[in-house]
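One-letter residues, chain by chain:
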Amino acid sequence: MELSQTADVVVIGGGVMGASTAYHLAKKGCDDVLLLERERFFGTQATGKCAGGIRHQFGTEINVQLSKLSLPMLDRFEEELGQPIDLNLCGYMFLLTEPEDVEVFRQNVEMHHRLGVQTEWLDPSEIADLVPLIDLHGVLAGTFNRDDGLADPNSVVQGYISGAGRFGVSLMTDVEVTDVLVVDGRVKGVVTDQGTVSTPVVVNAAGPWAGVVGEMAGLEIPVVPLRRQIVVTGPIPEVPDDFPFVIDFAQSLYFHPEGEGLLTGMSNPNETPGFNQSVDKEWELVHLEAALERLPILERAGLANRWAGLYEVSPDAHPILGRVSQLEGFYCINGFSGHGFMHAPICGLLLAEEILDREAHTLDISSLYLDRFQKGEEIVEYNVV
Ligand SMILES: Cc1cc2nc3c(=O)[nH]c(=O)nc-3n(C[C@H](O)[C@H](O)[C@H](O)COP(=O)(O)OP(=O)(O)OC[C@H]3O[C@@H](n4cnc5c(N)ncnc54)[C@H](O)[C@@H]3O)c2cc1C
């Protein structure tokens, strides 16, 4: 397929954000969308490294609202797009070991209830009933939401890519955007390693590379790449089918069912920003020791797989979504800070509304605009995993 010379909209990046945006633009009637991905396949970067967790449990109203709109889109995904996504509503459980976390999570649960989200408060004996395999030393309380769970990121990307293709989106891999053309404060096009495309609208869906793409357009988009690692075990027959997604919040240590075993991750608080995606073996040891303490049965499991990927972190750990006041025609869908997969369905739709209807209307996203950082209106959240 040859690169076209013009497009109504160019989407840079074919991860879950670019795929969802391209699909929703085309579904809403935009018939000249071009999606450009520099890798050989779609969805191999942050999205392909993702743990697949989907949850309502957040500490700010805007994130809970995004989940309330996005998770039902995953429920309907197979019906709408004909693509199964291994949806498993196994629930999400936060384990709390610090008194100050208990206080904040109590307020979060109240906020969830006010917004119609049914998060439950658990004492340690209730936690033990639900996850008897977990060692609960130091656990003071927990929260649980039965409507949270897991879905397969690759299937979601493939579903949106195929759906976008059926609506006529031009989908190209192996094409790298190297510059964004700007004239008199307006987007005019993109330069790629295969030629130039004239366009009045560019969507930055470059995930951990969002800042690099921003620079091409003369913008400062404060998204930094931060390495995060995952280990997948071999079969553990003792893990029951209804084992939930469990997070030891203070340690940022999590487990969830994966195939016949478990997937586990833990955030390294000393990780420094950068594009390195090699596995840090020293950190893996720290991670596995902590994991064994919480889930002693892991001792019997083999190691099946491991990888590292990049979170795309914004200064307030909230997305940067929507128009950019300094540059007409430039739109962001960036900075999801480790929980973007679950919000990709609704954020792709909201961005399509923002572009085609002049403003997102399914949800007010003005608090997520890039210019909040210049205005000093960053969002405050406590429970970042
Ligand atoms: C280890 C790990 C675990 C995670 N777990 C969860 C989870 O449980 N739940 C959850 O909701 N989220 C999770 N996330 C976060 C989630 O994966 C991301 O928020 C989401 O995938 C971001 O999607 P994206 O499309 O913006 O980025 P990406 O998938 O990285 O896509 C961006 C694409 O842009 C392309 N690109 C960049 N620059 C250019 C260019 N110049 N030209 C052309 N193409 C370009 C890249 O090649 C890439 O494919 C996790 C992330 C990691 C790393």
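Anything mentioned here points back to the structure above.
Keep in mind the model is a prediction, meaning the values are calculated, not measured.

Asks: Describe the pattern of salt bridges, naming the residues involved and giving the relevant values.
Replies: Tallied over the entire structure, the rule returns 14 salt bridges. The partner of Asp 357 in a salt bridge is Lys 28, and the shortest N-O contact between them spans 2.8 Å. On the criterion of sequence distance, the pair formed by Asp 357 in the loop between α9 (340–356) and α10 (372–375) and Lys 28 in the loop between α1 (16–27) and β2 (33–36) is long-range, its members being 329 residues apart. Where salt bridges share partners, they join Arg 227, Glu 271 and Asp 280 into one cluster.

Asks: Give a description of the site of the ligand that names residues and reports values.
Replies: In the region of the ligand, 38 residues are neighbours, and Glu 37, Thr 47, Gly 53, Glu 312 and Met 342 sit closest. When the free accessible area of the ligand is taken as 1,000 Å², the share hidden by the protein chains comes to 99%. Going through the elements one at a time, α1, β13 (224–233), β17 (303–313) and α9 are the ones with two or more residues in the shell around the ligand. It is β17 that contributes the most residues to the shell around the ligand, 4 residues altogether. Tallied by class, residues from the shell around the ligand come to 19 nonpolar, 12 polar and 7 charged.

Asks: With reference to specific residues and values, describe the packing of α1 against α9.
Replies: Helices that pack against each other are described as a pair by the angle of their axes relative to one another and the distance between those axes. Where α1 contacts α9, the two axes come as close as 8 Å, and the packing angle between them is 40 degrees. By the angle between their directions, the pair α1 and α9 is classed as oblique. In this structure, α1 meets α9 at a crossing whose hand is right-handed. Across the interface between the two elements, Val 16, Met 17, Ser 20, Thr 21, His 24 and Leu 25 of α1 pack against Gly 340, Phe 341, Ala 344, Pro 345, Gly 348, Leu 349, Leu 351, Ala 352, Ile 355 and Leu 356 of α9. Split by residue class, the contact of α1 with α9 holds 11 nonpolar, 5 polar and no charged.

Asks: Just give me the short version of the packing of aromatic side chains, but keep the residues and values in it.
Replies: On inspection of all chains with the given rule, the structure shows 10 aromatic pairs. A centroid spacing of 5.5 Å and a plane angle of 10 degrees characterise the contact between Trp 209 and Phe 275, whose relative ring orientation is stacked. Within this pair, whereas Trp 209 is found in the loop between β12 (202–204) and α7 (210–216), its partner Phe 275 is found in the loop between β16 (261–266) and α8 (281–294), the two being separated by 66 residues in sequence. An aromatic cluster is defined as three or more aromatic residues linked by ring pairs; in this entry it consists of Tyr 92, Phe 94, Phe 105, Phe 245, Phe 249 and Tyr 254. Across the ring face of Phe 58, the terminal group of Arg 55 is positioned such that the distance to the ring centre comes to 4.1 Å. Positioned above the aromatic ring of Tyr 311 is the side chain of Arg 228, whose terminal nitrogen or guanidinium carbon lies 5.2 Å from the ring centre.

Asks: Describe unusual backbone geometry, listing the residues and the values that go with them.
Replies: Notably, Asp 184 is not glycine yet its phi reads approximately 50 degrees, a positive angle. Asp 184 sits in the exposed class, given a relative accessible area of 75%. Positive phi, close to 60 degrees, is recorded for Ala 317, a residue that is not glycine. Relative to the elements of secondary structure, Ala 317 occurs in the loop between β17 and β18 (320–323).

Asks: So, the sheet that holds β2: which residues are in play, and what are the values?
Replies: Strand order in the open sheet made by the 6 strands is β8-β2-β1-β12-β19-β18, with mixed pairing throughout. On the outer flanks of this sheet lie β8 (170–172) and β18, each paired with one strand and no other. Put simply, the sheet's adjacent strands are angled 15 degrees from each other on average, direction ignored. One ladder, built from 4 bridges, connects strand β1 (residues 9–12) with β2; its direction is parallel. When the sheet's bridge partners are listed, Val 11 is paired in β2 with Leu 35.

About the criteria used
- Residues numbered from 1 in each chain as written.
- Predicted model: local features only at pLDDT ≥ 70, side-chain atom pairs only at ≥ 80, totals over all residues.
- Heavy atoms only, no water.
- Salt bridge = Lys/Arg side-chain N within 4 Å of Asp/Glu carboxyl O.
- Helix = DSSP H or I, 4+ residues; strand = E, 2+ residues; numbered from the N terminus.
- Near = heavy atom within 4 Å.
- Areas by Shrake-Rupley, 256 points an atom, 1.4 Å probe, with all protein chains shown as cover.
- Nonpolar A, V, L, I, M, F, W, Y, C, P; charged D, E, K, R; others polar.
- Axes fitted to C-alpha atoms, helices over the stretch in contact; angles between N-to-C directions.
- Parallel < 35°, antiparallel > 145°, perpendicular 65-115°, else oblique.
- Left-handed = near helix turned anticlockwise from the far one by under 90°.
- Contact = heavy atoms within 4.5 Å.
- Phe/Tyr/Trp six-rings, centres within 6.5 Å; stacked < 30°, edge-to-face > 60°.
- Lys NZ or Arg CZ within 6 Å of the ring centre and 35° of its normal.
- Buried < 20%, exposed > 50% of the residue type's maximum accessible area, 1.4 Å probe, protein only.
- Pairing = 2+ DSSP bridges.

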